[in-house]
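Take a look at the letters that make up each chain.
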Amino acid sequence: MQDLLNAATLGSIYLLFTLGMALAWGTIGILNFAHGATFMFSAFVAHVLSRETPLPFLAAVAISVVVGALMSVATQVLAFQQIIKRAKSQHHAELRILIGGIGVAAIPLAIAQRETKSSPFGINSDYTATVFEFAGLRLSSTALVILIAGLGIGIGLTVWLRRSRQGLALRALGVDAETSAGMGVNRQVMAIGTMAVAGALAGLAGALLTFHLSAIAPETGDQLIIKAFAIVVLGGLGSMAGAVIGSYVLAGTETLVLVAGHGTWVDAVSFGLIFLILLVRPQGLLGRKEVRRT
Amino acid sequence: MNDWYLSNIVLVQSTFTTLLLALSVQIPMRMGVFSFAGIGAYGIGGYVAAMCMVHREWTTVPAIVAGTLAAGIATFLLGLVVQRLTGLYMGMATIAFTLIVAVLAVNGGEWTGGASGLFGALGDITTGLIIGCAVVVVVLLQFTEMGGLGRRIDTVREDPELANAMGINVARYRRLSFLASGLVGGLAGALVTLLRSTITPDLVNFHLVVLALTVIVVGGSGSWIGALIGSLIFVWLPTWLVFIGEWEEIVYGVIVALAAIFLPSGVLGVAKNLWHRFRTRDERARLKAGGGTPAGETGDAGGRGLVPSVEGEA
Amino acid sequence: MRGTRIRRTVLASLAATALLSTAACGGSSSGSGGDGGIADEIKVVAVRDHTGPVAYAGLGGAKGTELAVEEINSSGFLGDGVKLVVDEVDSAGEIERASSEMTKAMSDRDVVAILGPTQGAQAASVAPLVERQKVPTIFTQSGSEGVVIGDWTFRATAPMQAYYDIAMKKLADDGVKTVSVLYNATFATFAELGEDVVPELAEENGIEIVSSDSVQSTTQDFTGQTQSIAKSDPDAVVMLLIAPQSVTALGQLRQAGYDKQVMATSVQAAGNVSAAGAAAHGLMYPVDYSTAMDHPEAQAFATAFQEKFGEEPDPYAAEGYDGTWWLARAIKASGDSSREGIQEGLTQVAEEGFTGAMGDITFEGNDMRVPGVVVQWDGTTESLTD
């Protein structure tokens, strides 16, 4: 039972991190490889600001969220939009957006590595996690926040995308950008807005995870990116609900393997599982079905 | 000259092995198959070659051959299994394959040396051998870029339905691309491992995938020449940037980002563009003087018009 | 179009053939003269990670070396007006870079010795080259196999496995009877410690291992493992994890309600665990050097380092310092600053041993051995435990 709770917490961590990537990718079609660096650097800025005086929990989170949003918007305006402008079609832009993101990601990573000499860094705060015990189960307050935030935002975003007008506009952009633009959807504005939200989510994940783990290293973001990538593919491109389900499935699998005592096989089993699912459902769990006649 | 060569020998060797690694991803990409299995093949080739040398005391060439073949077969089988996947789903599945190879290496106990990996597999590899292998692969690739075969491959990539309609067995081309990428990737892995005399599980990782992809996109994804240009740039960049010292990583990131923004077809695309403009300079000057658009070009600014932008020059 | 393609292929093949022939001409050359005597300027190259994931090891080592060089030159240890010059080069955490820089250094005939890479994989990869080119190379850190493989490879850091026995003995002395092991099995040194060395030592010391959890380097969250450890409540926990993992595991162990002794590794040295805050109070770990060490050489080193750099030295600095002094003693012992002379000198000094910042240093072949010390961390400083 405790394992289930731990798996849920881990799943929420993955979900918080993945949501930003899934949102941008599923709607405006931008696979932002700088997402991991944004996540890490937002927490890093909170760390730097907290060096002299401890920051309260909410302040640290707020700083992280703002930094994350700013970073993603900057990346969108300075890099991705430039690529899209010069590309002949969305398809050709995709690969270059990928590489552009990789290039951009190196910059905050290098800065953080220099400053910390690659030692782990945390956020200096008066907040310490209290541990709740109920029915024989243990849960830290940070984990609780992560659980609520992850599930809440995940489900909230899914519903918003389905029900609201802007959500509809975003999903339309994801399906066919040109036609949507023709129907009056302001592509640039929606893109910047989406990236801002995605970046804010990255920052939120950064702060919360740093509190939960006590510290992260500059390389932590890159480790999570590959998991986020796997989750989005597993859940199906374009489906937020898929990302939610995918996060918990991945976390559940990893926890299962760990509990069974095979700690060194975790990556193999999780990626093997994704591999198998892709074979059975080539478009992911809830992805758009692509018709392919060859 | 000899001194410069000797002190930079590692970089020279690295250029060609990186070329092979990049080609293992570029080959399937040219056929429209978004597969990173070549990196996994790199790991398999490296480990098999090292195992042959360390456990069975084979000599260099048989070990390399064993590594290359093992990787080729494994990747071919993988290709059979995943051939229905497309785009980023295929990419993810092949990345999963690569990461699983790394985990198998860690858990391989005595066979693979576990977490420490294998060491002491010092092959008798001269730079000549590496360049020779690269030349052979490149020459073979060149034949696939020319003439009818080249056009068929372009069609398979750009319009698989049309290709099928024309009687080209698209599925067979795709399967073969897996085999080719496995062989080339395995060769790269075997060469590098026996050259460095060591291989560890964490050498087969996502960073290699990123490196191969960056090399291809920045250099130019249409041809082996692009991969060569990309390899030259990324292997020698740290040497050129050495005066920047600790800001090297940042400059590297900026260069990659700028290349992604401003060089749509990579450095190769720019080079081809310049070459084309150079070759047609007389005609363009003449036409400018006389007015009217040059023959053979549409009104497009880049002069490419309806030609597919991933290089498939006819 | 076809003609152009064929022309290009031919040109490429010709270029390759040209390169092939220069490759055939390439060959290695032996070291410098070897006519005995100490040169006025002794050129040494140091190849370490100044950037990258384990930059702190290379940067610390470089500082230690810098201090040693200053002391050696200003005291005229090698003779009047003799200068030892060390060029620092960054291997940036990559094997290819390390290989490349090492090759460059080795092909420079003026370079008589190399202070080698700190990462195990880099070191193991260049060790055969060092042997081939016959350039005496002193490695620091790089505690894996395949590094000290011949007459020309030397290591100035005792591998963790070589002195971890003091940690297990300390636990036994403190009355510990049961232990849980939490270790990173994809990190070579910890894998060896966790799977072989610690179980062996535990048996020797009458300690029972009640549970052993292995994780990967990519594992970030330890909620599950720490909770199950807390449940079984052993007398102590042996934690063999890399820096960021250690911080998380410590915090989550305390959160899970476990409040007994945790024994870690030298990775935690030099405040690498300070981000864990209060959770790390009382943490113990064996280390080859600590500012808490009280023998005169350690104190002198710490004072000089503090004076020069305005900060306290870490184990990496001590290793760099002692390693460089090993080199200086070698040159003095053989009276010859050529590559062969240094190699002879290093072997000679290794047979005799010497006292450095890390205490009474002995050698097993070309591999350094130190007494080591178990220290305790109280949140800001290390202190000796006996």
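In every chain, residue numbers begin from 1 and rise along the written sequence. Following the order in which they are written, the chains are lettered starting with A and the ligands numbered starting with 1. Side-chain atom pairs in this predicted model are given and counted only at pLDDT of 80 or more, local residue features only at pLDDT of at least 70, and totals for whole chains, interfaces and linings cover all residues. Side-chain metrics rest on all non-hydrogen atoms present in the structure, leaving aside hydrogens and water.

Colleague: Go over the confidence of the model for chain C, please, and point to the residues and values.
Modeller: Residue and element names in this part refer to chain C. A score between 0 and 100, pLDDT records how confident the predictor is in each residue. Taken residue by residue, chain C gives an average pLDDT of 86. The fraction at 70 or more is 90%. Helix and strand labels come from DSSP, where a helix needs a run of H or I of at least four residues and a strand needs a run of E of at least two; each type is numbered from the N terminus. Ranking the helices and strands of chain C by mean pLDDT puts strand β8 (residues 236–240) first, with 95, and helix α1 (residues 2–25) last, with 50. Within the model, pLDDT remains below 50 along residues 16–34, and this stretch shows 25 contacts once partners closer than five positions in the same chain are excluded. Two summary scores accompany this predicted model of the complex, namely pTM at 0.84 and ipTM at 0.84. Contacts were defined at the residue level, with two residues in contact if any of their heavy atoms lie within 4.5 Å.

Colleague: Give me the lowdown on the packing of aromatic side chains, citing residues and values where you can.
Modeller: Stacked, edge-to-face and tilted are the three classes for Phe, Tyr and Trp ring pairs, Trp counted by its six-membered ring, which pair at centre distances within 6.5 Å; planes under 30 degrees apart are stacked, over 60 edge-to-face, the rest tilted. Tallying each qualifying case throughout the model produces 20 aromatic pairs over all chains. Both rings, one in C:Y289 and one in C:F301, keep their centres 5.4 Å apart while their planes meet at 80°; by these two values the pair is edge-to-face. Of the two residues, C:Y289 is situated in the loop between β10 (283–287) and α10 (296–309) and C:F301 in helix α10; the sequence distance between them amounts to 12 residues. Burial classes follow relative accessibility: with a 1.4 Å probe on protein chains only, a residue under 20% of its type's maximum area counts as buried, one over 50% as exposed, and anything between as partly exposed. With relative accessibility at 0%, the residue C:F301 sits in the buried group. Chaining the aromatic ring pairs together yields one cluster made of C:Y289, C:F301, C:F305, C:F309 and C:Y321. Placement of a charge over a ring requires the Lys NZ or Arg CZ to be within 6 Å of the ring centre, with the centre-to-atom vector within 35 degrees of the ring normal. Sitting over the ring of B:F278, B:R281 keeps its end group 4.1 Å from the ring centre.

Colleague: Talk me through the pattern of salt bridges; I want residue IDs and the actual numbers.
Modeller: Residues and elements named next belong to chain A. Salt bridge, as applied in this entry: a Lys or Arg side-chain nitrogen positioned within 4 Å of an Asp or Glu carboxyl oxygen. Applying the stated criterion to the full structure yields 17 salt bridges over all chains. Close ionic contact of K227 with E254 constitutes a salt bridge, the shortest N to O distance being 3.6 Å. Of this pair, K227 sits in helix α9 (residues 220–235) while E254 sits in helix α10 (residues 240–259), placing them 27 residues apart in sequence. Both residues of the pair, K227 and E254, belong to the buried class.

Colleague: Before we move on, can you summarise the interface of chain A and chain B with the specific residues and values?
Modeller: Every contact between the two is made by 47 residues of chain A and, on the other side, 44 residues of chain B. Accessible area that two parts lose when put together, with a 1.4 Å probe and added across both, is what the buried area reports. Overall, the association of chain A and chain B removes approximately 4,200 Å² of surface from exposure, summing both partners, and the carbon and sulfur fraction of that is 75%. Joining chain A to chain B, the criterion identifies 0 salt bridges. Definition of a polar contact: a pair of N or O atoms within 3.5 Å, with one able to donate and the other able to accept a hydrogen when the atoms are protein atoms, and with sequence-neighbouring residues admitted only if both atoms are side-chain atoms. Here chain A and chain B share 4 residue pairs in polar contact (both at pLDDT 80 or more) between them. Of all the secondary structure elements, the ones that give two or more residues to the side of chain A that touches chain B are α3 (57–86), α4 (90–116), α9 and α11 (266–280) of chain A. Here the element with the most residues in the side of chain A that touches chain B is α4(A); it accounts for 14 residues. Gly is put with the polar residues, along with every residue not named as nonpolar or charged; the nonpolar set is Ala, Val, Leu, Ile, Met, Phe, Trp, Tyr, Cys and Pro, and the charged set is Asp, Glu, Lys and Arg. Along the lines of polarity and charge, the residues of the side of chain A that touches chain B split into 29 nonpolar, 10 polar and 8 charged.

Colleague: Kindly report on a negative patch on the surface, identifying the contributing residues and their values.
Modeller: Residues and elements named next belong to chain C. Only residues whose relative accessible area exceeds 30% and that form no salt bridge are eligible for patches; like-charged ones are grouped when within 9 Å, while nonpolar side chains (Val, Leu, Ile, Met, Phe, Trp, Tyr) are grouped when within 5 Å. Methods summary: accessible areas were calculated by the Shrake-Rupley approach with a probe of 1.4 Å, and residue burial reflects only the protein chains presented. As used throughout, the charge tally considers Lys and Arg to be positive and Asp and Glu to be negative, leaving His and the chain termini uncounted. Where a charge lies is defined by one atom per residue type, namely NZ (Lys), CZ (Arg), CG (Asp) and CD (Glu). Residues E145, D165, E192, E195, D196, E200, E203 and E204 make up a contiguous surface patch of negative charge. Of the residues forming the negative patch, the biggest block, 6 residues, is contributed by helix α7 (residues 188–204). Summarising the element assignment, D165 is placed in helix α6 (residues 165–173).

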